Amino acid sequence: MSADTPPSSGENSPSDDVADLRAQIEALETEVSDLRSEVDEGNADKMVIIATKGTLDMAYPPLILASTAAAFGYDVTVFHTFWGLEILHEENSKDLGLSSVGNPNMPVPNAIAALPGMDRMTARMMRNRIEDNDVASVEELIETSLASGVDLQACQMTIDLLGYDEDDFYDGVTTGVGAASAFQDMADADIQLLV
C-alpha cells in the first residue's frame, strides 16, 4: 500500500495512531497529577509501633523511633501493652529497671549479674551513662513525642490487669485503647514495628 492510498476499513491512519497516543499521554498526565495532589494534601505516611517491654533499655527504642519519624512528617502511634505500659506510667517510668542476667552486652558476667541487687546497680550505671552523655531521659522523650504529635496509647486491658488508673499516666497519653483499635491502626499503617 502506498502512502497515497487511503487505509482500508479497520486500519488506523498514522494520524489516528498519533491522536490515540496523545490521548493516552494526556490521561496518564492527569492520573499522575491527581496522585500528586493526593500526596500534597497531607496524606502522611503512617507508622505504628507496639511497645511490649518496660525496662530502661527498652523504653528508648520506641520513643526515639516515634519522635524521629514524627519529625520526618510521619503520623505515628505507639501502642504500649503489658510491661511496655510502665514507660507511660508517670511514677514507674522514673525508676525503670534493667536486667543484667542474659544480656550479652552488659559489662557484668552472668554469675555476678545474678547476685541480689545487681539489677538495681546496672540500672543505676545506665542512668549515670545516660546523664553523662546528655541523652534525653524517658520523661523528656515522652514530652518530645507528645509535642511532636505522636499518639502514645495505653492498652486498656493492661491498665485493668495491673490495677492502674488513667490518672497514673503522663498528660496527653491516650488511654482506653483496645487491641482491636491497635490492630486496625497497624493494618492501615505503612510501617509496623514490634519493639
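Refer to the structure above for everything that follows.
No experiment lies behind these values; they were computed from the predicted model shown.

1. Some thoughts on a nonpolar patch on the surface
Inference 1: Taken together, Phe82, Trp83, Met157 and Leu161 make up a surface patch of nonpolar side chains, about 460 Å² in accessible area.
Inference 2: Here Met157 shows up in helix 6 (residues 156-162).

2. Looking at unusual backbone geometry
Inference 1: The backbone of Phe82 shows a phi angle near 45 degrees, a positive value even though the residue is not glycine.
Inference 2: Relative to the assigned elements, Phe82 resides in the loop between strand 2 (75-80) and helix 3 (110-113).
Inference 3: On the basis of relative accessibility, which here comes to 41%, the residue Phe82 falls in the partly exposed class.
Inference 4: Of note, Asp134 is a non-glycine position whose phi angle comes to about 55 degrees, a positive value.
Inference 5: With respect to the helices, strands and loops of the structure, Asp134 is situated in the loop between helix 4 (118-132) and helix 5 (138-147).
Inference 6: On the basis of relative accessible area, Asp134 is assigned to the exposed category, the value being 73%.

3. Brief notes about the nonpolar core
Inference 1: Of all hydrophobic cores here, the largest spans 29 residues; its most connected members are Val76, Val78, Val138, Ile142 and Leu152.
Inference 2: Where this core is concerned, the elements lending two or more residues are strand 1 (46-51), helix 2 (56-71), strand 2, helix 5 and strand 3 (151-155).
Inference 3: Here the element with the most residues in this core is helix 2; it accounts for seven residues.
Inference 4: Listed in part, the seven residues of the second largest apolar core include Phe79, Val177, Ala182 and Ala189.

4. Observations concerning the pairing of strand 3
Inference 1: Most of strand 3 sits inside the fold, with four of its five residues counted as buried.
Inference 2: Two strands pair when backbone bridges link them, and strand 2 and strand 3 are joined in this way by four bridges, in the parallel orientation. Paired with Thr77 across the two strands is Asp151, which belongs to strand 3.
Inference 3: Taken together, the two bridges between strand 3 and strand 4 (residues 174-177) define a ladder with parallel strand orientation. In the strand pairing of strand 4, Cys155 is matched with Val177.
Inference 4: Crossover handedness for the path strand 3 to helix 6 to strand 4: right-handed.

5. Quick word on helix 4
Think of an α-helix as 3.6 residues a turn; residues three or four steps apart then line up on the same face.
Inference 1: End to end, helix 4 covers 21 Å across 15 residues, agreeing with the expected 21 Å (1.5 Å per residue, within 8%).
Inference 2: Packed against the buried residues of helix 4 are helix 2 and helix 3.

The rules behind these values
Residues numbered from 1 in each chain as written. Predicted model: local features only at pLDDT ≥ 70, side-chain atom pairs only at ≥ 80, totals over all residues. Heavy atoms only, no water. Patch = residues over 30% accessible without salt bridge, like charges linked within 9 Å, V, L, I, M, F, W, Y side chains within 5 Å. Areas by Shrake-Rupley, 256 points an atom, 1.4 Å probe, with all protein chains shown as cover. Salt bridge = Lys/Arg side-chain N within 4 Å of Asp/Glu carboxyl O. Helix = DSSP H or I, 4+ residues; strand = E, 2+ residues; numbered from the N terminus. Buried < 20%, exposed > 50% of the residue type's maximum accessible area, 1.4 Å probe, protein only. Core = buried A, V, L, I, M, F, W, Y, C linked by side-chain atoms within 4.5 Å. Pairing = 2+ DSSP bridges. Right-handed = clockwise from strand over helix to strand, strands pointing away. Expected span 1.5 Å × (residues − 1). Contact = heavy atoms within 4.5 Å.

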